[in-house]
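Summary of the model geometry
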Amino acid sequence: MKLASIKHGRDGRLVVVSRDLGRCVAVPGIAPTLQAALDQWEQVAPRLAEIAAALDNGELSGSLPFVAADCAAPLPRAYLFADGSAFLSHVELVRRARGADMPAELYQTPLMYQGDSGGWLAPTAPIPWRDAAWGLDFEGEVAAITGDQPAGCDERTAATGIRLLMLVNDVSLRGLIPAELARGFGFYQSKPASSASPVAVTPDELGDAWHDGRVQLPLEVTLNGKPFGHPHAGAMHFSFPQLIAHAARTRPLVAGSIIGSGTVSNADASAGEACIAERRMREHQADGTPHTPWLMPGDKVRFDMRGSDGQSVFGAIEQQVTAC
């Protein structure tokens, strides 16, 4: 099934969305918000699935057109956003860009930081721009939304706790990252609010495109209407169960925790990129200097992912950069 949150108050109003993203229906009698549904998932998920089936079969009255612009992020505010870096080609490129080596332990243990989870940007919300020196960048990712996970859970337990999947634009301020990391305490100011796709989907909604704990589909990225990349999301070195188990190693995760994949990235440069930093590093390698500028006011970015039927799975993130 596919779920979304229509803008309403701070936490949105939960709607079930048809598979073709054409119609939706609110379900206040089952759960008023997505967080409420996640808090009692075992009880409400079967009822939500029945609504989804009836909606897809045209058997449900009272549905409305689904409009992405009416959507908040699926979880407008979440208890946790822990973002991994599961695509090692991305790690290698961005570390090389700032003159850092690639320690062997990065191949065995995921990198992860805790990002801003209190105010997710809607899928069509402007991306705030404040200072050219901050180096505004986009990062296209996939993310999992979990149920309750016990501290120290293993990968098998983590896999059964994946409730939903969605796309993420992890907004980054590249100009601030080197100084923050040099101080030894990690990202904070360089990672403002991220945005998410209009729709989050249960893993079974992906069919054969969900296996090995990975979404086996390419991510379509465009910048100002031109193709920027189509890297395959199945190239994760660490799977979502591995990322979730890593996040829960020393603490439990509550229902509604969001675990990001990190920037979708392929070693094959012909796949393009899902962030500007990778493009600039490849330009530097080829020409001795980067050519692609960081985002500026007026720039438009778009992320989408299509299934084997050619239809959008999550709906698109479509944002324009706006000066504040």
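Summary of the structure given here. Bear in mind the structure is a predicted one, so any value in this text is a computation, not a measurement.

Spatially, five strands are ordered S7-S20-S19-S16-S17 in an open sheet, and the strand pairing comes out mixed. Whereas interior strands pair on both sides, the edge strands pair on one side only; in this sheet they are strand S7 (127-129) and strand S17 (226-229). Taken pair by pair, the neighbouring strands of this sheet meet at an average axis angle of 25 degrees, ignoring direction. Direction of pairing for strand S16 (residues 220-223) relative to S17: antiparallel, over a ladder of three bridges. Among the inter-strand pairings, Val 221 is bridged to a residue of S17, identified as Gly 229.

Phe 138, Leu 206 and Met 305 are the most contacted members of the largest nonpolar core, which has 59 residues in total. Here the element with the most residues in this core is helix H6 (residues 240-247); it accounts for four residues. Discounting chain neighbours no more than four positions away, the residues touching Leu 206 are Leu 165, Val 201, Val 215, Leu 217, Val 313 and Phe 314. With 34 residues, the next largest nonpolar core counts Met 1, Leu 34, Leu 55 and Ile 145 among its residues.

A word on the environment of Lys 191. You can see Lys 191 is positioned in the loop between helix H5 (177-182) and strand S12 (195-196). Classification of Lys 191 as buried rests on a relative accessible area of 8%. With 78 residues separating them in the primary sequence, Lys 191 and Tyr 113 have C-alpha atoms 9.9 Å apart. When neighbours within four sequence positions are excluded, Lys 191 is seen to be in contact with Tyr 113, Asp 116, Glu 139, Asp 170, Val 171 and Ser 172. One polar contact links Lys 191 to Asp 170, side chain to side chain, over a distance of 3.0 Å.

Rules of the game
- Residues numbered from 1 in each chain as written.
- Predicted model: local features only at pLDDT ≥ 70, side-chain atom pairs only at ≥ 80, totals over all residues.
- Heavy atoms only, no water.
- Pairing = 2+ DSSP bridges.
- Helix = DSSP H or I, 4+ residues; strand = E, 2+ residues; numbered from the N terminus.
- Axes fitted to C-alpha atoms, helices over the stretch in contact; angles between N-to-C directions.
- Core = buried A, V, L, I, M, F, W, Y, C linked by side-chain atoms within 4.5 Å.
- Buried < 20%, exposed > 50% of the residue type's maximum accessible area, 1.4 Å probe, protein only.
- Contact = heavy atoms within 4.5 Å.
- Polar contact = N/O pair within 3.5 Å; in protein donor to acceptor, adjacent residues only side chain to side chain.

This is a description of form; function is not addressed.
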